[in-house]
Amino acid sequence: MTQITSARVIKYNLAARIFHWIGALLIVLAWFLAQQGEDYLSLHKSIGVSFLIWTMLRIANRVFTKDPTPLPVSKIYTVIANVVHLALYVAMIVMPLTAFLASMYGGYGVNVFGIISISGFKIPNTELADRLIDWHTDIVWPMLLIFVAAHIIGALYHQFILKDHILSRMR
């Protein structure tokens, strides 16, 4: 499951590393497409549904595979890391889910890359759809950014202050 490199760094399994980096790429891609306007909304939705599925598969991988031995750090760092990771996973599920439900309640549905077409609800609830899209853009997105930033800052702190080669575990 884990590999030891010449620097004696125990890595996450290959699937975990792929899930991590492709998930990050999907977040950036979804954000980029959202900035491009209405013409790219369908592709943005497709990426969002893909990200939701990807995240669920990532969680399954995390449940069914063993993580490398935790780094020896103080209890407070471990608690902070666990809280940030849990918050990230929650945000990574809630972010696409709020948009998906907003689209469904708006009566629009979602077309996933032209392969799967999911019709919107026959009786739209535009008030709920508007509330969900507000949550998606005004609450969950900033929360996701905050937790991604905390994750990156923690990784950089480990790498450059604690010098424990944490970045090598996810390469």
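Residues numbered from 1 in each chain as written. Predicted model: local features only at pLDDT ≥ 70, side-chain atom pairs only at ≥ 80, totals over all residues. Heavy atoms only, no water.

For the protein chain, the name recorded in an unreviewed UniProt entry is Cytochrome b(N-terminal)/b6/petB family protein, with Moraxella catarrhalis as its organism. One UniProt comment on the protein chain, placed under Sequence similarities (unreviewed entry), says "Belongs to the cytochrome b561 family." The record in UniProt for the protein chain states the following under Cofactor (unreviewed entry): "heme b". (UniProt positions renumbered as here; feature names shortened; annotations may be inferred.)

Colleague: Looking at this structure, how should I read the confidence of the model for the protein chain?
Modeller: Low pLDDT marks regions whose predicted coordinates should not be analysed in detail. Within the protein chain, residue pLDDT values average 93, and 95% of them lie at 70 or more. Low confidence marks residues 1-7, where pLDDT is under 50. Its contacts with residues over four positions away, or in another chain, come to 15 contacts. (pLDDT = per-residue confidence, 0-100. Contact = heavy atoms within 4.5 Å.)

Colleague: What's the story with the nonpolar core in this structure? I'm lost.
Modeller: Counting residues in each nonpolar core, the largest one holds 14 residues, and the members touching the most others are Ile-47, Phe-51, Met-92 and Leu-144. Those elements giving two or more residues to this core turn out to be helix 1 (14-35), helix 2 (41-64), helix 3 (75-105) and helix 4 (126-162). No other element matches the 6 residues that helix 3 contributes to this core. (Core = buried A, V, L, I, M, F, W, Y, C linked by side-chain atoms within 4.5 Å. Buried < 20%, exposed > 50% of the residue type's maximum accessible area, 1.4 Å probe, protein only. Helix = DSSP H or I, 4+ residues; strand = E, 2+ residues; numbered from the N terminus.)

Colleague: Explanation requested: the packing of helix 3 against helix 4 in the structure shown.
Modeller: The relative placement of two packed helices is expressed as an angle between their axes plus a distance between the axes. In the contact formed by helix 3 and helix 4, the axes pass within 8 Å of each other and the chain directions differ by 155°. With respect to their mutual orientation, helix 3 and helix 4 come out roughly antiparallel. For the pair helix 3 and helix 4, the sense of crossing is left-handed. Across the contact of helix 3 with helix 4, the residue classes tally to 23 nonpolar, 5 polar and no charged. (Axes fitted to C-alpha atoms, helices over the stretch in contact; angles between N-to-C directions. Parallel < 35°, antiparallel > 145°, perpendicular 65-115°, else oblique. Left-handed = near helix turned anticlockwise from the far one by under 90°. Nonpolar A, V, L, I, M, F, W, Y, C, P; charged D, E, K, R; others polar.)

Colleague: Would you mind going over the side chain of Ser-46 with me for this structure?
Modeller: Inspection of the secondary structure puts Ser-46 in helix 2. Excluding residues within four positions of it along the chain, Ser-46 makes contact with Asn-111, Val-112 and Phe-113.

Colleague: Can you walk me through helix 4 in this structure?
Modeller: For an α-helix, 3.6 residues make a turn, and residues three or four places apart therefore share a direction. Over its 37 residues, helix 4 extends 50 Å from the first C-alpha to the last, a length consistent with the 54 Å expected when each residue adds 1.5 Å. The largest bend along helix 4 reaches roughly 35° and is located at Val-140, with the proline Pro-142 sitting one to four residues downstream. For helix 4, the complete set of buried residues consists of Ala-129, Leu-132, His-136, Val-140, Leu-144, Ala-155, His-158 and Gln-159. Of the surrounding secondary structure, the elements contacted by the buried residues of helix 4 are helix 1, helix 2 and helix 3. A positive phi of about 55° marks Lys-163, the residue just after helix 4. (Expected span 1.5 Å × (residues − 1). Bend = angle between axes of the 7 residues up to and from the residue.)

Colleague: What am I meant to see in a nonpolar patch on the surface here?
Modeller: Judged by side-chain polarity, Ile-76, Tyr-77, Val-79, Ile-80, Val-83, Ile-152, Leu-156, Tyr-157, Phe-160, Ile-161, Leu-162 and Leu-167 come together as a nonpolar surface patch covering roughly 1000 Å² of accessible area. Counting only elements with at least two residues in the nonpolar patch, the list comes to helix 3 and helix 4. Looking at the nonpolar patch, the element that brings in the most residues is helix 4, giving 6 residues. Along the chain, the position of Val-79 falls in helix 3. (Patch = residues over 30% accessible without salt bridge, like charges linked within 9 Å, V, L, I, M, F, W, Y side chains within 5 Å. Areas by Shrake-Rupley, 256 points an atom, 1.4 Å probe, with all protein chains shown as cover. Salt bridge = Lys/Arg side-chain N within 4 Å of Asp/Glu carboxyl O.)

Colleague: In this structure, what is going on with the environment of Phe-64? I would like to understand it.
Modeller: Position of Phe-64 relative to the elements: it lies in helix 2. On the accessibility criterion, Phe-64 (69% relative accessible area) is exposed. Taking the C-alpha atoms as reference points, Phe-64 and Met-95, separated by 31 residues in sequence, lie 24 Å from one another.

Colleague: I would appreciate a short explanation of the pattern of salt bridges in the present structure.
Modeller: Under the definition given, this model contains 2 salt bridges. With a shortest N-O distance of 3.6 Å, Arg-62 and Asp-67 are connected by a salt bridge. A relative accessible area of 35% places Arg-62 in the partly exposed class. Taking relative accessible area as the criterion, Asp-67 reaches 28% and is therefore assigned partly exposed. The salt bridge involving Glu-127 is made with Arg-131; its shortest N-O contact spans 3.1 Å. Here the residue Glu-127 and the residue Arg-131 both occupy positions in helix 4, the gap between them amounting to 4 residues, near one helical turn. Assessed through its relative accessible area of 37%, Arg-131 is described here as partly exposed.

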